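# Residue-level structure breakdown
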Amino acid sequence: MIWPNRPQFLGIRAAAANIGQSQGNYAAEMFQEDFPQFYNEAMICLVPPAILEEFIRQANAAIQPDKWLDGWRYACGLYVAHQATLYLRTYSAEGSATPAEAAATGALVGVMKSATLGDSSVSYDTDALTKATADWGDLNATQYGQLLATRARLVGMGGTYVI
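Quick caveat: nothing in here was measured; it's all calculated off a predicted structure. (Residues numbered from 1 in each chain as written. Predicted model: local features only at pLDDT ≥ 70, side-chain atom pairs only at ≥ 80, totals over all residues. Heavy atoms only, no water.)

### Overview of the nonpolar core
Membership of the largest hydrophobic core comes to 27 residues, with the highest contact counts inside it found for F31 and L52. For this core, the secondary structure elements donating two or more residues are α2 (28–34), α3 (49–62), α5 (72–89) and α8 (143–155). Considering each element in turn, this core owes the most residues, eight residues, to α5. Discounting residues that sit within four places of it in the chain, L52 has contacts with A28, F31, Y39, C45, V47 and V80. (Core = buried A, V, L, I, M, F, W, Y, C linked by side-chain atoms within 4.5 Å. Buried < 20%, exposed > 50% of the residue type's maximum accessible area, 1.4 Å probe, protein only. Helix = DSSP H or I, 4+ residues; strand = E, 2+ residues; numbered from the N terminus. Contact = heavy atoms within 4.5 Å.)

What follows is the structure in structure tokens.
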């Protein structure tokens with residue numbers, strides 16, 4: 001007897017696997033209300049509109065309301081804030097004069113490991129960032145990402161496959 005091929009069992013496996021199917025409707029206005037630190041005095045977002053909309057689209061696809069329930073809006077905001085922070089770290093208001101300067105805006109910077117005053121030497125320890133990203137991607141690179149990852153662990157431990 002093959003159970004998955006019986007019509008009465010169709011969809012039961014997916015439901016039991018705890019995999020959500022919903023998509024959110026998080027919007028730029030919600031992000032502005034929840035995270036005003038990403039807006040200037042004139043309430044203009046520091047992230048370009050097209051980039052912000054892309055981050056919001058990603059959040060709506062990744063953070064499912066039926067999984068996050070009451071914490072959905074905050075989780076979407078954390079996702080967008082995390083991505084916006086990473087984006088703004090690479091931003092140079094003056095632009096870049098050379099390809100090397102443009103590439104330097106995306107350099108991985110970790111925790112300051114040591115500093116020397118004579119001849120101004122600074123070294124960074126990126127090991128903590130790269131070790132932490134093994135399981136959670138870049139979420140450990142910002143406080144917003146860390147908050148999101150912590151809450152994601154509480155929301156679900158992953159799907160279950162039922163035969």
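### Observations regarding the side chain of Q83
Its location among the elements puts Q83 in helix α5. You can call Q83 buried: its relative accessible area is 14%. Discounting residues that sit within four places of it in the chain, Q83 has contacts with F55, Q58 and D138.

### So, the packing of aromatic side chains
For any pair of aromatic rings, geometry is given as the distance between the ring centres together with the angle between the planes. This structure, assessed with the given rule, holds seven aromatic pairs. Pairing Y26 with W72 gives two aromatic rings, centres 6.1 Å apart and planes at 80 degrees, and the pair type is edge-to-face. Separated by 46 residues along the polypeptide, Y26 in the loop between α1 (12–16) and α2 and W72 in helix α5 bring together distant segments of the chain. Accessibility classification places Y26 together with W72 in one group, the buried group. Residues F35 and Y144 carry aromatic rings whose centres are separated by 5.9 Å and whose planes lie at 80 degrees to one another, so their mutual orientation is edge-to-face. With a gap of 109 residues between them, F35 in the loop between α2 and α3 and Y144 in helix α8 connect regions that are remote in the sequence. Here a set of aromatic residues connected by ring pairs shows up, and it is made of F31, F35, F38, Y39 and Y144. (Phe/Tyr/Trp six-rings, centres within 6.5 Å; stacked < 30°, edge-to-face > 60°.)

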